[in-house]
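Observations on the model geometry
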Amino acid sequence: MSQAIRRRYFTTVSLMASNASRTHVRGSDSVSPFFHRPCAFPLYVHLYACYSRAMSVIAVMNLKGGVGKTTLAILLAHELAGRGGRVLLADSDPQASAHAWSTWGLTKDTIVVQPTKKITRKLLAELKTKFDTVIIDCPPALGDQCILAAVVADAALIPVLPGALDFAATTVMLETLSAADTERQTPLKKLFVVNRADSRSAMSNALVKQLKGFEGCKVAKTTIPQRAGYTKAIAGKWRSLSRDLQIPIESLADELLGEDA
Ligand SMILES: Nc1ncnc2c1ncn2[C@@H]1O[C@H](COP(=O)(O)OP(=O)(O)OP(=O)(O)O)[C@@H](O)[C@H]1O
Ligand SMILES: [Mg+2]
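The text that follows walks through the structure, step by step, so that each part is easy to find. (Residues numbered from 1 in each chain as written. Chains lettered and ligands numbered in written order. Predicted model: local features only at pLDDT ≥ 70, side-chain atom pairs only at ≥ 80, totals over all residues.)

With respect to the overall build of the chain
Using the following cut-off: Secondary structure elements follow DSSP: runs of H or I of four or more residues count as helices, runs of E of two or more count as strands, with numbering from the N terminus. Buried residues are those with 20 or more other C-beta atoms within 10 Å of their own C-beta, exposed residues have 12 or fewer, and partly exposed residues lie in between; C-beta atoms are placed from the backbone. Here, residue contact means that the backbone-derived C-beta atoms of the two residues sit within 7 Å.
Within the chain, the secondary structure is distributed over 11 helices and 7 strands. The proportion of buried residues among the 261 residues of the chain is 42%. For the chain, the proportion of contacts with a sequence separation of at least 24, taken over those separated by at least 6, is 78%.

Comments concerning the nonpolar core
What counts is decided by this rule: What makes a nonpolar core is a set of buried Ala, Val, Leu, Ile, Met, Phe, Trp, Tyr and Cys residues, with links drawn between C-beta atoms within 7 Å.
Counting 65 residues, the largest nonpolar core has Leu89, Ile135, Ile136, Ala149 and Ala153 as its most contacted members. With 8 residues, the top contributor of residues to this core is helix H4 (residues 69-82). Non-local contacts of Leu89, meaning those with residues more than four positions away in its chain, are made with Ala73, Ile74, Ala77, Ala98, Ile111, Val113, Ile135 and Asp137.

Digging into unusual backbone geometry
One non-glycine residue, Arg196, lies in positive phi territory at about 55 degrees. By the element assignment, Arg196 lies in the loop between strand S6 (189-194) and helix H9 (202-212). Using a count of 20 C-beta atoms within 10 Å as the deciding quantity, one classes Arg196 as buried.

A short note on the site of ligand 1
So the rule is basically this: The criterion for a residue being near a molecule or strand is simple: its C-beta atom, placed using the backbone, must lie within 6 Å of it. Under the scheme applied, nonpolar residues are Ala, Val, Leu, Ile, Met, Phe, Trp, Tyr, Cys and Pro; charged residues are Asp, Glu, Lys and Arg; polar residues are all the others, including Gly.
Close contacts around ligand 1 come from 19 residues, with Gly65, Thr70, Thr71, Pro140 and Thr231 the closest. Breaking the shell around ligand 1 down by element, the ones donating at least two residues are H4 and helix H10 (228-233). Considering only residue class, the shell around ligand 1 consists of 5 nonpolar, 10 polar and 4 charged.

A few points about the sheet that holds strand S7 (residues 217-219)
Put simply, the rule reads: Only strands joined by at least two bridges in the DSSP assignment are considered to pair. To obtain an axis, a line is fitted to C-alpha atoms, over the contacting stretch when the element is a helix, and the angle between two such axes runs from 0 to 180 degrees between their N-to-C directions.
In spatial order, the strands read S3-S2-S4-S1-S5-S6-S7; together these 7 strands make up an open sheet with parallel pairing. The open sheet is flanked by strand S3 (111-115) and S7, the only strands paired with a single partner. Across the sheet, the mean angle separating the axes of adjacent strands is 25 degrees when strand polarity is ignored. Relative to strand S4 (residues 133-137), strand S2 (residues 87-91) runs parallel, the two being bridged by 5 bridges. By the bridge assignment, Ala90 is partnered in S4 with Ile136. Lying over the sheet, helix H11 (residues 243-257) contacts strand S1 (56-60), strand S5 (155-160) and S6, oriented at roughly 165 degrees with respect to S6.

Some details on the packing of H4 against H11
For the record, the criterion: Roughly parallel means an angle under 35 degrees; roughly antiparallel means over 145; roughly perpendicular covers 65 to 115; every other angle is labelled oblique.
At a minimum axis separation of 10 Å, H4 and H11 run at an interaxial angle of 80 degrees. Of the possible angle classes, the one that applies to H4 and H11 is roughly perpendicular. The residues of H11 that touch H4, namely those facing Leu75, Leu76, Glu79 and Leu80, are Ile249, Glu250, Leu252 and Ala253. Here the contact of H4 with H11 is built from residues that sort into 6 nonpolar, no polar and 2 charged.

Overview of the pairing of S2
Of all the 5 residues making up S2, 5 are buried; the element is thus mostly covered by neighbouring parts of the structure. Where burial is concerned, the two faces of S2 agree: the one with Val87, Leu89 and Asp91 and the one with Leu88 and Ala90 are both buried. Judged from the 5 bridges that link them, S2 and S3 form a sheet pairing that is parallel. Within the sheet, the bridge partner assigned to Val87 lies in S3 and is Ile111.

Here's the deal with H9
Definition in use: Taking the helix axis as origin, the arc is that swept by the directions to the C-beta atoms.
Here H9 has its buried residues at Ser204, Leu207 and Leu211. Taken around the axis of H9, the buried residues stretch over an arc of 60 degrees, which confines them to a single face. The outward face of H9, more than 90 degrees from its buried face, is lined by the exposed residues Ala202, Lys209 and Lys212.

Considerations on the pairing of S6
Consecutive residues of a regular strand have side chains that alternate between opposite faces of the sheet. Bridge count for S5 against S6 is 6 bridges, and the pairing is parallel. When the sheet's bridge partners are listed, Pro159 is paired in S6 with Val193. Bridge count for S6 against S7 is 3 bridges, and the pairing is parallel. Across the sheet, the residue bridging to Lys190 is Cys217, located in S7.

Considerations on the environment of Ser240
Following the sequence through the fold, Ser240 ends up in the loop between H10 and H11. Judged by the 10 C-beta atoms lying within 10 Å of it, Ser240 falls in the exposed class. As for Ser240 and Glu79, which are separated by 161 residues in sequence, their C-alpha atoms are 9.4 Å apart.

Here is the structure:
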């Protein structure tokens, strides 16, 4: 089994195990675990539906602007599409940067980019036969889009820049996310990733330590370096990233969708 296929296999299995009662069956007739309704089908039918329609929903969010949400959303979409996944990049930011970028014809054919103001459970239920992954690019503001994304996503990827002001904004955002948790069956998985990191800078290392102090959150082992290559990669017609830029994106995708996610 190739590395990519193996990764994808584990992703499906791990999502099936962790989310069987949530995303995969939302909106269908057999959604009883989430909505506490009686199950219309035998358990094996229910499980088969979960297995065959596994779809993961990742919200890339931070109330702070310019931290790399759109950049990472696009790079992750390409990474997952490169593994053979059908990817929807749902642009819920009114600035619509990701959607504007896709209209320049720069993206891979297998990625659908769609302006989507409100990601609801009903909408996700309609999408689950069409896509393996939905990546939501959230706006840098506290609003309906962010809260809805926090309610329906399987995981939130939270890019953070090394800087004191960025850290302060994170505290406010986590309060918002914990409010959204009251609408969920299980708390939203939150994965911080330090973006534009300089491994030699004490600031990046100090940030990782501080982020680890937030209860219920994980900090990605991967950090995304500060490299103009990422900006260039999405500024022209899509070309594969150079290997040194690709590796952090690959490991970030593994951490997001892996078994221990
Ligand atoms: N790892 C990186 N290395 C270098 N430049 C980066 C990196 N990540 C993001 N950038 C640059 O930082 C700027 C802001 O990135 P981006 O637009 O993705 O942030 P954002 O969080 O989506 O912003 P907004 O909050 O306005 O939606 C862009 O010019 C982008 O090219
Ligand atoms: Mg953005």
